Amino acid sequence: MRSEIDYSVYLVTARDLLPVGKHYLESLEESLQGGVTVVQLREKTIDTGEFIQIAQSTKAICDKYNTPLLINDRIDVALAIDCAGVHVGQSDAPLAVARRLLGPNKVIGVSAGNIDQAIAAQKGGADYLGIGAIYGTQTKDVSNKIMGPAGARAVLAALDPHSPIKTVVIGGIKSDNVLRVLHGVHFRDTKRYLDGVAVVSDIVSSPRPRKATENLARLVQAFRNNENTKPEPAINDIDSVLNKVSEIINAIPDQSPLIQQMANIVTANDQANATLALGASPVMAAVVGDQKDLNPHIGALLINMGTVSDEQKRAMLAGGRYSNINKKPLIFDPVAVGATSFRRETGKELLSHWHPTVIKGNAAEIGALSGLNEVTTKGVDSVGPGFKDPYLVVRSLANRERCVVVMTGKDDYISDGERTAKISNGHQLLGQITGSGCVTGTAIATCCAVASMTEGDMNKDGKLTTGDHFIASIAGVLALEISAEIASTRNDVRGPNTFRSAWIDEMSNLDKIDLSKMSRVIVA
Ligand SMILES: Cc1ncc(COP(=O)(O)OP(=O)(O)O)c(N)n1
Ligand SMILES: Cc1ncsc1CCOP(=O)(O)O
């Protein structure tokens, strides 16, 4: 009988990565005590005799904890010690040969670095796939093979949903990014969930492998609990939505969140002043060295690609990563992401390193991220009348990226994948000043910070952030567009530049306004 394996926390061994003074079997036993559910013995340089010896002592400890053992590459060693099975890579014994030698009762896992390899392994009868490398790692040179969570998500989506094959991801997975990986790989539309995460250095290099494993196991379990918990019915009737919007906007001065912004050189000043006018505090920190210390203190981080440089990109990678670790809302404004290959690559790299809470862009930017070319870009601006079905565009991207998507334009469309809103507020003067979209990002980040600070959540361990960011995004857009409408009626506004000052002034008067009377919002 082939053993039923729990792949949740899959340890791949590496004796060369043990901390100085830590014995291999001691580390292995501690990791099993911490909750490793399956072990793969991976040895690359030793002779067959020594391999068999180490495999026997590894199996003795795995047996003590009732944990299956697989052998990397070497079918002969697996047969010699009669363990649960093997893991083979693309340049190892072919799956059909491994199956013939091992028989029907042994487990065979196959590495899959792309969709074709995954489908071939599935058709060939592999028991599970090791999908990767997700990220770079010092354990092995995978520099040409990094696929990011989005690459693994594409592999999962391509598999036959009825096949019994199991899946794990591997490569650079650690307790500080495992939630981000799980959220990024799991695609709502595929019926397929990851069965586990395969880890080498996060466990093996730790002086406390038991603790390291417990951390990983807790996060994997928390993610699953969260996925399996039926969410509270989402607020979607318009009165409740607008009540919540007012609550969020009115709470900004009380909470006074610190809003970190990696802004662009054109609009940073307006963004900082808008943050103050809304009742929050701006901090414009965009160098790598600031990110770790600053992140625990912020309410939200806004990453705006407007004038992104190589140095700023490194800060964006780090800041976003810390935001996921510290469960801070992360708002991504992919300015002109489709305009050049540098921007396309940067957008892709950022989204593969961290998981945004909200993506906000104009039609061309949302189209570029969605892989659609129905709407094109001219510099930072969108060209033409927009998408035929904007609801579908935002809903699909929100589902794919598992975040809120805000598409700004004459009408704005906002979706969290389930609920979709259309906002028809605003004023044409907003289109005559530079950076009104960037300032919208500021307002969304501010409202998301408040939503996250004011809403407790029992299931927060498995989440990357808490709060209803769909409603917070509506609040951010309404705050800006209604202040623009009010500013446009002022006698002292004579054109775009006087409008700009009046607009920022009016952001600080929103508590005096009955937003529900001025809002033109539909929620579907
Ligand atoms: C679970 C898991 N997935 C992938 C691999 C990589 O295996 P392979 O491609 O054979 O590379 P090496 O491990 O031999 O370097 C794995 N070992 N485990
Ligand atoms: C064996 C292997 N195959 C793809 S990445 C990898 C190593 C993963 O190591 P780590 O978990 O330390 O990043």
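Each value, and the rule that gives it
- Residues numbered from 1 in each chain as written.
- Chains lettered and ligands numbered in written order.
- Predicted model: local features only at pLDDT ≥ 70, side-chain atom pairs only at ≥ 80, totals over all residues.
- Near = placed C-beta within 6 Å.
- Nonpolar A, V, L, I, M, F, W, Y, C, P; charged D, E, K, R; others polar.
- Pairing = 2+ DSSP bridges.
- Helix = DSSP H or I, 4+ residues; strand = E, 2+ residues; numbered from the N terminus.
- Axes fitted to C-alpha atoms, helices over the stretch in contact; angles between N-to-C directions.
- Contact = placed C-beta atoms within 7 Å.
- Buried ≥ 20, exposed ≤ 12 C-beta atoms within 10 Å, placed from the backbone.
- Right-handed = clockwise from strand over helix to strand, strands pointing away.
- Domains from an automatic or database assignment.

**Notes on the site of ligand 2**
- Around ligand 2 sit 14 residues, and of these Thr137, Thr139, Gly171, Val200 and Ser201 come closest.
- Taken together, the residues that form the shell around ligand 2 break down as seven nonpolar, six polar and one charged.

**Looking at the sheet that holds strand S10 (residues 281–283)**
- Pairing is mixed across the open sheet formed by nine strands, whose spatial order is S10-S9-S11-S12-S13-S16-S17-S18-S19. The open sheet has two edge strands with one neighbour each: S10 and strand S19 (521–523). Geometrically, the sheet is characterised by an average inter-axis angle of 15° between neighbouring strands, direction not taken into account.
- Across four bridges, strand S17 (residues 412–415) lies against strand S18 (residues 420–423) in antiparallel orientation. Bridge pairing in S18 places Asp412 opposite Ile423.
- Across the sheet, helix H13 (residues 310–325) is in contact with strand S9 (258–262), strand S11 (300–304) and strand S12 (330–333); its angle to S11 comes to roughly 150°.

**Details of the site of ligand 1**
- Inspection of the region around ligand 1 gives 17 residues, with Gly89, Ser111, Gly130, Ile170 and Ala198 positioned closest.
- Only strand S1 (9–12), strand S5 (107–112) and strand S7 (166–170) provide two or more residues apiece to the shell around ligand 1.

**Digging into the environment of Thr213**
- With respect to the secondary-structure elements, Thr213 resides in helix H9 (residues 209–228).
- Sequence separation between Thr213 and Ile203 is 10 residues; the distance between their C-alpha atoms is 6.1 Å.
- Not counting residues up to four positions away in its chain, the partners in contact with Thr213 are Val9, Ser31, Gly34, Gly35, Val36 and Ile203.

**Points about the sheet that holds strand S3 (residues 69–72)**
- The strand order around the closed barrel built from eight strands is S1-S2-S3-S4-S5-S6-S7-S8, with neighbouring strands paired in parallel fashion. When strand polarity is set aside, the average angle formed by the axes of neighbouring strands in this sheet is 25°.
- Sheet topology places strand S2 (residues 38–41) next to S3; three bridges connect them, and they run parallel. Bridged to Val39 within S3 is Leu69.

**Side note on the pairing of S3**
- Along S3, one buried face is formed by Leu69 and Ile71 and the opposite face, lined by Leu70 and Asn72, is buried too.
- Tracing the backbone out of S2, into helix H2 (residues 48–64) and back to the parallel element S3 gives a crossover that is right-handed.
- The sheet contact formed by S3 and strand S4 (residues 85–88) spans three bridges and is parallel. Paired with Asn72 across the two strands is His87, which belongs to S4.
- Note that the unit made of S3, helix H3 (residues 75–81) and S4 has a crossover that is right-handed.

**A closer look at unusual backbone geometry**
- A cis amide bond, omega 10°, links Gly132 with the succeeding residue Ala133.
- Along the chain, Ala133 turns up in the loop between strand S6 (128–131) and helix H6 (148–158).
- Despite not being glycine, Asp82 has its phi angle at roughly 55°, a positive value.
- Among the structural elements, Asp82 can be located in the loop between H3 and S4.

**Regarding the environment of Leu216**
- Residue placement: Leu216 occurs in helix H9.
- For Leu216, the contacting residues outside a window of four places in its chain are Val9, Ser175, Val178, Val197, Val199 and Asp202.

**Remarks on the packing of helix H11 (residues 268–278) against helix H19 (residues 496–507)**
- Contact pair H11 / H19: the axes reach a minimum separation of 7 Å and the direction vectors enclose 30°. Residues Asp270, Asn273, Ala274, Ala277 and Leu278 of H11 lie in contact with H19, whose contacting residues are Ile504, Asp505 and Met507.
- Considering only residue class, the contact of H11 with H19 consists of five nonpolar, one polar and two charged.

**A few points about the domain arrangement of the chain**
- The domains assigned to the chain are domain 1 (9–228) and domain 2 (238–242 + 252–482).
- Mapped by element, the contributors of at least two residues to the side of domain 1 that touches domain 2 are H6, helix H7 (178–185) and H9.
- Per-class residue counts for the side of domain 1 that touches domain 2 are six nonpolar, five polar and four charged.

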